[in-house]
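# Structure assessment
Listed below, chain by chain, are the residues.
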Amino acid sequence: MALLALELMGFFLGLLGMLGTLVATVLPFWQISAHIGSNIVTVVANMRGLWMECVYQSTGAFQCDTYNSMLALPADLQASRALMVISVVLSILAICMASLGMQCTLCLENAGTVKSRVAGAGGVLFLAAGFLALVPVSWTTHEVVQTFYTPNIPASMKYELGECLYLGLVSALISMLGGGILSVSCCGEQEGGRGRRHGGGYPYPVGVGMSGTGARTTSQTYRHPTLQMGGINTASRGQTLVRSTSGSESSAQEVPGAKKPTAAGYDITGYV
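Residues numbered from 1 in each chain as written. Predicted model: local features only at pLDDT ≥ 70, side-chain atom pairs only at ≥ 80, totals over all residues. Heavy atoms only, no water.

### With respect to the overall build of the protein
Counting its secondary structure elements, the protein contains five helices and ten strands. Classification of the 272 residues of the protein by burial places 31% in the buried group. For the protein, contacts bridging at least 24 residues in sequence account for 65% of all contacts bridging at least 6. (Helix = DSSP H or I, 4+ residues; strand = E, 2+ residues; numbered from the N terminus. Buried < 20%, exposed > 50% of the residue type's maximum accessible area, 1.4 Å probe, protein only. Contact = heavy atoms within 4.5 Å.)

### Remarks on the nonpolar core
Of all hydrophobic cores here, the largest spans 15 residues; its most connected members are Phe11, Leu90, Ile95, Phe126 and Leu182. Residue assignment for this core shows that the elements contributing at least two residues are helix H1 (2-26), helix H2 (75-101), helix H3 (113-148) and helix H4 (163-191). When residues no more than four places from it in sequence are discounted, the contact partners of Phe126 are Phe11, Gly14, Leu15, Ser91, Ala94, Ile95, Ser175, Met176, Gly179 and Leu182. With twelve residues, the next largest nonpolar core counts Trp30, Leu73, Leu134 and Ala172 among its residues. (Core = buried A, V, L, I, M, F, W, Y, C linked by side-chain atoms within 4.5 Å.)

### Things to note about the packing of H1 against H2
Working note: a packed helix pair is described by the angle between its axes plus the distance between those axes. Contact pair H1 / H2: the axes reach a minimum separation of 10 Å and the direction vectors enclose 155°. As far as their axial angle goes, H2 and H1 are roughly antiparallel. Read as a crossing pair, H1 and H2 show a hand that is left-handed. Together, Glu7, Phe11, Leu15, Met18, Thr21, Leu22 and Thr25 of H1 and Met84, Ser87, Val88, Ser91, Ile92, Ile95, Ala98, Ser99 and Gly101 of H2 make up the contact between the two elements. Class assignment of the residues belonging to the contact of H1 with H2 gives a composition of nine nonpolar, six polar and one charged. (Axes fitted to C-alpha atoms, helices over the stretch in contact; angles between N-to-C directions. Parallel < 35°, antiparallel > 145°, perpendicular 65-115°, else oblique. Left-handed = near helix turned anticlockwise from the far one by under 90°. Nonpolar A, V, L, I, M, F, W, Y, C, P; charged D, E, K, R; others polar.)

### Quick word on H1
The terminal C-alpha atoms of H1 lie 37 Å apart, and with 25 residues this matches the ideal 36 Å at 1.5 Å per residue to within 8%. For H1, every residue scored as buried is listed here: Glu7, Gly10, Phe11, Gly14, Gly17, Met18, Gly20, Thr21, Ala24 and Thr25. (Expected span 1.5 Å × (residues − 1).)

### Some thoughts on the pairing of strand S4 (residues 62-66)
Examined bridge by bridge, strand S3 (residues 52-57) and S4 share five bridges and lie antiparallel to one another. Bridge pairing in S4 links Met52 to Thr66. Linking two consecutive strands that pair antiparallel, namely S3 and S4, is a turn of four residues; a positive phi of about 105° is found at Gly60 within it. (Pairing = 2+ DSSP bridges.)

### What about the environment of Ala133?
Tracing the backbone shows Ala133 in helix H3. You can call Ala133 buried: its relative accessible area is 1%. In the structure, Ala133 is positioned 46 residues away from Ser87 in sequence and 5.7 Å away in space, judged by C-alpha atoms. Among residues more than four places away in sequence, those in contact with Ala133 are Thr21, Met84, Ser87 and Ala172.

### Brief notes about the side chain of Ser175
Structurally, the position occupied by Ser175 is in helix H4. Judged by its relative accessible area of 2%, Ser175 falls in the buried class.

### Focus on the pairing of strand S2 (residues 44-48)
Because side chains alternate across S2, one face comprises the buried residues Ala45 and Met47, and the other comprises Val44, Asn46 and Arg48, none of which is buried. Pairing of strand S1 (residues 31-33) with S2 involves two bridges; the strand directions are antiparallel. Looking at the pairing, Gln31 lines up with Arg48 of S2. As defined by bridge partners, S2 adjoins S3 across five bridges and the pair is classed as antiparallel. Paired with Asn46 across the strands is Val55, a residue of S3. Hairpin connection from S2 to S3: three residues lie between these consecutive antiparallel strands.

### So, the packing of H2 against H3
The geometry of H2 relative to H3 is characterised by a closest axis approach of 8 Å and an angle of 160° between their N-to-C directions. In terms of their interaxial angle, H2 and H3 are classed as roughly antiparallel. Of the two elements, H2 crosses H3, and the hand of that crossing is left-handed. Class assignment for the residues of the contact of H2 with H3 results in 23 nonpolar, seven polar and three charged.

Spelled out as structure tokens, the structure:
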């Protein structure tokens, strides 16, 4: 039950991180114009993102323009685009694999340890997605801070950290945390014997022999699972019944010296 709770926690953390990464990738609030120096009072606010640049005016007008040429963009912006897109794709794959491998799903139910390995692979993908999302966020944050404290750049060209950078950072950490929890829970399942244990039930026939007269003998021993768990030795307690059939006649005889039947178990020997 504890491992199942860890799996669910890791899965939902990874899902939350994927949604945050997707929002941070799409929205343009990565860099916001800084209101410093002569630019303190202004009626226009500029915002930059991975895909577009927006302008917000004090009148309430909000206008965005996408970048015209991808090849004309700076190398850091192109790399940030690629890493964020790959991070979202890996998160989606991680969600699919984790859904197949978690205990609460019915997929791959009879696959044994393969099911836990699939869930563990989903956790590893969450870790990779979080790391890939962390790289462009940290890179852009460093560039914004370094540009802001450069004295040779005019104040009108300086930007501050936008909301998407904070969102991307938190989402990357949440994805990595969820992936780590999911991977650890699956490793614990493999060490503890992963797999759904179906109901104990009664064993199958343990032996089949042939008597000298050509009759077939089948012996089965049925034991009560509850008494076995309680430590009661049911092998010494039982009743042996002999059933022989010849043509249409059948008879049941009790073997001399056998004890009275109990609820714990009994041995049935039949001649067919």
